[in-house]
Amino acid sequence: MLFRSVLLLLSFLVFQTGLYALTLSVNIGREKGESFSTVHIKEGFSFRCVSESDEFDEIKQIQCIFPREPKEKFEAFDTNYFKIDSFTKSGKYILRVFPVAKMQLIPIKHKLYETGKIRKPSEYTTSSHWMIVGYKQRLPLIRMTTTPPLGIDFPIEMEETKLPSVGALDIAGMPIQLNELGDVSAYMQIKRAYESGNYTQLSNDVDALFANYPQTIFTAELLLYKMRGLHHTDESEALIEVSKEFIREYSDDENMAEVLAYTANAYSDVGQQVDGSYFYERLFKEYPESKFASLGMIFLGDQFVSGGKQKQAENYFEKALYMTKDVEIASMAAIRLARISLEKGFIEKSADLFAKIIEGNDKYLLHDITENYDTARAFANRGDKKTAADMLTAITKHLPRNDEQYEEMIKDIGVWLSETADKAAAYKALKRYQETYGESTYTAEVQASLDALFYTPEDANKTVLIAEYENLESKYADQEIGQKAALEKAKLYYAEHSYRKVLDMDGSGAEREEAYVQLKQDSAKALAMESLEKGECAAAIGLSKEHNLTLEEKFDASLYRCAYKTGNYFLAKTTAAKHLKDKEERLPWLYNYAKTLNKSGQYEELTKVAADVITLSEMEKRSEYDDILQDLFYAYERLGNTQGMIKTVKELEKRRGLEYDDIELYVSMIKLGLKENDDIIIESYANKVMKLQEKTNSYSQSPFVEFAALQVLKAQKKEKEQLALLDTLLKRDLNDKEKSRVQYMYGSLLMKEGKKTEAKAAFESSIKADETSAWAGLSKDALELVE
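Definitions and limits used
Residues numbered from 1 in each chain as written. Predicted model: local features only at pLDDT ≥ 70, side-chain atom pairs only at ≥ 80, totals over all residues. Heavy atoms only, no water. Helix = DSSP H or I, 4+ residues; strand = E, 2+ residues; numbered from the N terminus. Buried < 20%, exposed > 50% of the residue type's maximum accessible area, 1.4 Å probe, protein only. Contact = heavy atoms within 4.5 Å. Areas by Shrake-Rupley, 256 points an atom, 1.4 Å probe, with all protein chains shown as cover. Pairing = 2+ DSSP bridges. pLDDT = per-residue confidence, 0-100. Axes fitted to C-alpha atoms, helices over the stretch in contact; angles between N-to-C directions. Left-handed = near helix turned anticlockwise from the far one by under 90°. Nonpolar A, V, L, I, M, F, W, Y, C, P; charged D, E, K, R; others polar. Core = buried A, V, L, I, M, F, W, Y, C linked by side-chain atoms within 4.5 Å. Phe/Tyr/Trp six-rings, centres within 6.5 Å; stacked < 30°, edge-to-face > 60°. Lys NZ or Arg CZ within 6 Å of the ring centre and 35° of its normal. Disulfide = S-S within 2.5 Å.

Undergrad: For the overall build of the protein chain, give the residues involved together with the corresponding values.
TA: Along its length, the protein chain carries 33 helices and eleven strands. Across the 787 residues in the protein chain, those meeting the buried criterion constitute 44%. Long-range pairs, those at least 24 residues apart, make up 53% of the contacts in the protein chain between residues at least 6 apart in sequence. About 43,800 Å² of surface is accessible on the protein chain, with carbon and sulfur atoms providing 49% of the total.

Undergrad: Explain the pairing of strand β3 (residues 34–53) to me, and be specific about the residues and the numbers.
TA: On any regular strand, side chains alternate: one points to one face of the sheet, the next to the other face. As judged from the nine bridges shared by strand β2 (residues 23–31) and β3, these two strands associate in the antiparallel manner. Across the sheet, the residue bridging to Glu-31 is Glu-34, located in β3. The turn joining β2 and β3, which pair antiparallel and follow one another in sequence, is formed by two residues; a positive phi near 50 degrees is taken by Lys-32. Bridge analysis of β3 against strand β10 (residues 126–135) gives eight bridges, and the strand direction is antiparallel. Bridge pairing links His-40 to Met-131 in β10. Bridge count for β3 against strand β4 (residues 59–66) is six bridges, and the pairing is antiparallel. Residue pairing in the sheet places Ser-51 in a bridge with Ile-62 of β4. Counted along the chain from β3 to the antiparallel partner β4, the turn is five residues long, and its residue Asp-57 has a positive phi close to 60 degrees.

Undergrad: If you had to explain the confidence of the model for the protein chain to someone new, which residues and values would you point to?
TA: For the protein chain, per-residue confidence averages 84 on the pLDDT scale, and 88% of positions sit at 70 or higher. Predicted confidence is poor over residues 1–12, with pLDDT under 50, and the contacts of this stretch with residues over four places away or in other chains come to 42 contacts.

Undergrad: Account for the packing of helix α3 (residues 219–232) against helix α5 (residues 256–269), naming residues and giving values.
TA: Relative to each other, α3 and α5 sit at 35 degrees, their axes nearing to 11 Å. Crossing handedness for the pair α3 and α5: left-handed. The residues of α5 that touch α3, namely those facing Leu-224, Met-227, Arg-228 and His-231, are Glu-258, Val-259, Tyr-262 and Asn-265. Of the residues that constitute the contact of α3 with α5, the class distribution is four nonpolar, two polar and two charged.

Undergrad: Could you give an account of the nonpolar core, with specific residues and numbers?
TA: Within the largest apolar cluster, 88 residues are counted, with the highest numbers of intra-cluster contacts made by Phe-246, Phe-354, Phe-379, Leu-392 and Trp-416. It is helix α9 (residues 327–344) that contributes the most residues to this core, ten residues altogether. If near-sequence neighbours (up to four positions away) are discounted, Leu-392 is found in contact with Tyr-373, Ala-376, Met-409, Asp-412, Ile-413 and Trp-416. Core analysis: the second largest hydrophobic core is formed by 67 residues, Phe-633, Val-649, Ile-663 and Ile-767 among them.

Undergrad: Mind laying out the packing of aromatic side chains, listing which residues take part and the relevant values?
TA: Two numbers describe a pair of aromatic rings. These are the distance of the centres and the angle of the planes. Applying the stated criterion to the full structure yields 24 aromatic pairs. Put simply, the rings of Tyr-187, Tyr-194, Tyr-199, Phe-218 and Tyr-225 touch in pairs and so form one group of aromatic residues. Across from the ring centre of Tyr-81, 5.0 Å away, lies the NZ or CZ of Lys-136, which sits over that ring. Seen from the ring of Tyr-225, Arg-228 lies directly overhead, with NZ or CZ sitting 4.8 Å from the centre.

Undergrad: Break down helix α21 (residues 556–565) for me, with residues and values.
TA: Where α21 is concerned, the buried positions are Asp-556, Ser-558, Leu-559, Tyr-560, Cys-562 and Ala-563. Immediately beyond the C-terminal end of α21, within one or two residues, lies Gly-567, with a positive phi of roughly 85 degrees.

Undergrad: Let's hear about the state of the cysteines: which residues, and what values?
TA: In the structure shown here, the tally under the stated rule is one disulfide. Here Cys-49 pairs with Cys-64 through a disulfide, and the sulfurs are 1.9 Å apart. Looking down the S-S bond of the Cys-49 and Cys-64 bridge, the torsion is 110 degrees, so its handedness is right-handed. Remark: Cys-64 occurs in strand β4 and Cys-49 occurs in strand β3; sequence separation between them is 15 residues. Summarising the burial analysis for this pair, Cys-49 and Cys-64 share the class buried.

Dropping the structure here:
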């Protein structure tokens with residue numbers, strides 16, 4: 001039965017996704033002195049929401065199912081009444097709601113006055129609008145009472161007498177008149193002023209609203225906006241007074257973390273460090289997951305900076321940077337760390353932090369353009385012109401062109417880039433200045449930088465350039481101009497890696513230029529190297545003979561790669577063998593030699609050579625050769641040397657810890673443990689494989705590894721751990737036979753614990769997954785025992 005309730009309801013959170021017109025809004029309200037919250041889920045079509053109850057008929061979760069995943073999903077979040085997340089399963093998008101205390105699912109199928117048929121809420125299976133009510137003890141808005149013996153039986157047909165609509169009611173239960181909503185309009189103006197950055201008059205505007213509407217329902221929100229404005233205008237003493245009132249009257253408000261952050265900062269700002277520390281402690285202890293905890297750490301770091309305690313400040317800035325998920329707060333922390341690093345002379349670290357800000361939130365540099373311009377100049381003065389230019393590029397991207405600093409910034413970007421290796425970017429930036437300003441303040445400086453570039457744009461028309469050079473060759477044949485044109489053409493071919501075209505210029509005027517002789521030699525060598533990289537060893541040798549090239553030892557690395565890549569392991573091995581006694585390069589060649597032994601199947605010799613590679617690489621602290629341990633492991637495996645396998649995998653773990661590249665080795669160790677009936681090996685490496693799979697979200701070794709782990713857990717009689725692992729395994733993408741096995745094992749464990757109902761469900765799921773499997777047969781036998 002529905003009862004009329006007088007309530008205050010305030011919307012505070014709305015999400016929209018790209019799935020049709022899906023909206024999710026969370027509201028808070030109060031009825032008869034008790035707070036509650038509602039979630040409204042709306043879509044342009046009807047969808048299904050189902051609730052799951054525990055043994056006490058309390059709803060423990062609600063799921064709403066949509067036909068497909070949206071383009072944009074929202075992140076999981078918590079409120080005082082709900083925990084809400086979403087996921088995709090079997091192509092369907094599922095929105096999931098958990099209660100903090102209690103909740104009720106109610107379909108909003110239609111308005112009462114729009115229909116002549118009234119049904120019980122439980123009779124609706126689909127709706128385009130569902131409401132979830134979260135509450136502590138007493139369900140607000142409606143009362144569900146037991147139907148008396150002579151009560152009305154739903155559904156009720158009232159086609160000719162539809163219910164009237166009264167509209168929204170005020171606290172006294174009377175219809176709200178539009179002229180009574182002045183405080184709403186004023187509140188929205190204050191809200192918009194804050195969001196647009198107009199903080200100066202915010203405090204006065206709030207006071208004026210209170211004077212005009214002393215009974216406004218927005219008191220808590222207005223006090224919060226007043227504090228926000230005072231925080232941004234650094235009016236700390238006034239903020240403290242407002243904070244006292246807010247904390248006294250609204251101690252359980254959802255915005256308390258924000259209030260504590262501003263309050264702590266304000267007390268510290270006025271020199272009352274003890275009071276500030278108290279509120280910081282409350283903030284960090286009571287709201288550790290809030291973004292305002294991270295913000296509080298930045299405030300505290302600023303306090304340490306003011307006190308000259310830079311190390312403590314850095315610690316808090318770093319904590320804030322790595323714990324927050326808020327981009328703006330992360331930028332606040334990063335820019336503070338970057339400036340400290342720059343002051344200390346750690347240019348690379350500072351540049352890296354600014355690069356992260358530019359990549360993730362470049363607009364943040366507009367917060368203090370003058371200071372950031374000075375920081376850019378500091379980078380330029382310290383030799384990091386690239387970072388300096390990147391900072392100004394990010395700023396000018398959003399800065400109006402009529403800004404007084406804009407022209408100088410555009411000039412500095414080009415000039416600074418001209419002193420880096422990025423000539424193309426410098427050319428583009430300098431040209432941009434010329435095209436934008438023509439003859440202006442910095443024209444001469446910009447032109448000087450352009451002249452010093454000696455740069456031809458990559459997008460220049462090479463075909464036109466070649467035609468010009470050939471025209472000059474023809475027109476000035478046997479003359480210096482023609483010869484230089486031919487040489488320039490050869491240089492252009494060489495720059496484009498057209499080495500064959502350079503060699504084909506024999507007989508042209510280019511031959512008379514001394515520079516062409518070296519260019520031709522370089523082209524022949526480059527072409528030979530190119531042939532080696534392609535595995536065209538015969539072509540490389542032919543070029544060597546044709547142009548009297550000597551394939552020097554420095555080309556042996558390419559020759560080795562050519563041979564190894566094309567499967568000519570004999571040539572690769574003999575090439576590497578030539579260098580085994582090199583003093584400087586013995587390790588890389590010994591490594592290359594070992595790799596060819598592995599490919600050639602010479603496993604006994606590989607175990608000897610690999611041992612030298614391992615020893616030398618450890619002495620020289622060279623980790624790039626550690627993968628020879630993988631070859632050594634498999635060599636020992638093929639030779640049946642168990643001790644060698646164990647020793648090798650342990651050495652690999654010592655050198656680089658757990659790496660996904662080594663997961664196949666760990667699987668081999670599990671197989672070894674299964675073969676040797678060694679539970680320690682099985683458990684140790686099964687745990688490592690599962691840890692790697694969780695870390696990378698890749699489950700290529702499932703369910704083999706889990707079944708191996710379960711075998712050990714079963715032997716150890718660790719039934720809770722088995723259940724937990726089986727629970728995890730059920731979430732994997734298993735085939736039908738594997739599902740059948742897991743469900744059978746799950747049911748067997750549940751039987752041991754006396755949970756016959758759950759065990760029966762598991763056995764039935766095993767049979768359903770694959771009726772033909774052996775596990776289904778065992779499950780059928782088990783069902784007879786359960787029943």
